[in-house]
Amino acid sequence: MTEPLVDLPTTDAEWRVRLSPDEFRVLRRAGTEAPWSGEYVSTKTAGVYNCRACGAQLFESTSKFDSHCGWPSFDDAIPGTVKEIEDRSMGMARTEIRCARCDSHLGHVFRGERMTDKNTRHCVNSLSIKLDPAAG
């Protein structure tokens, strides 16, 4: 398992040292990676997805599903690990999701699409997460 960082960066300069330019753009500037470009879009590996910025556990692989939207999708987050924020950018009302530990941008959550029994889709950038594969 990936251990979370003990001391979180507090400035953009500190975050830039820890993250690649693309990771910084997505995680710290609420950017979006191109659809179908992320490493975890089609991944079926068992394990836990952690925040790429701070290492906090966010999603279990058992909640991942094929939404065919171009980004990894999860129908549930580990309780207390993801916070939701109203997002009115792009001329629409959406709900942004962020890591509750380090406030990094993960993606957006959508409800009412009837894709799973939980009726929820956490649409997450692969650049925002890192898979910690299950042992074995």
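Preceding this section is the structure that the text describes.
Thresholds applied
- Residues numbered from 1 in each chain as written.
- Predicted model: local features only at pLDDT ≥ 70, side-chain atom pairs only at ≥ 80, totals over all residues.
- Heavy atoms only, no water.
- Phe/Tyr/Trp six-rings, centres within 6.5 Å; stacked < 30°, edge-to-face > 60°.
- Buried < 20%, exposed > 50% of the residue type's maximum accessible area, 1.4 Å probe, protein only.
- Helix = DSSP H or I, 4+ residues; strand = E, 2+ residues; numbered from the N terminus.
- Salt bridge = Lys/Arg side-chain N within 4 Å of Asp/Glu carboxyl O.

Caption draft 1: Focus on the packing of aromatic side chains. What the rule picks out here adds up to three aromatic pairs. Between Tyr40 and Tyr49, the aromatic rings sit 5.4 Å apart at their centres with planes inclined by 85°, giving edge-to-face as the arrangement. Since its relative accessible area comes to 6%, Tyr40 is described here as buried. Each ring, one from Tyr49 and one from Phe74, has its centre 5.1 Å from the other, and the planes form 70°; the classification is edge-to-face. In this pair, Tyr49 is assigned in strand β1 (residues 47-51) and Phe74 in strand β4 (residues 73-74), connecting sequence segments 25 residues apart. We note that Tyr49, like Phe74, is buried.

Caption draft 2: Region of the structure containing the pattern of salt bridges. Applying the stated criterion to the full structure yields twelve salt bridges. Taking the shortest distance from any N to any O, the salt bridge between Asp12 and Arg29 comes out at 2.3 Å. You can see Asp12 sitting in helix α1 (residues 12-18) and its partner Arg29 sitting in the loop between α2 (21-27) and β1, a full 17 residues away along the chain. For Arg98, the salt bridge goes to Glu96, with nearest N and O atoms at 2.9 Å. Of the two residues, Arg98 and Glu96, both sit in the buried class. Salt bridges linked by common partners bring Lys83, Glu96, Arg98 and Asp103 together as one network.

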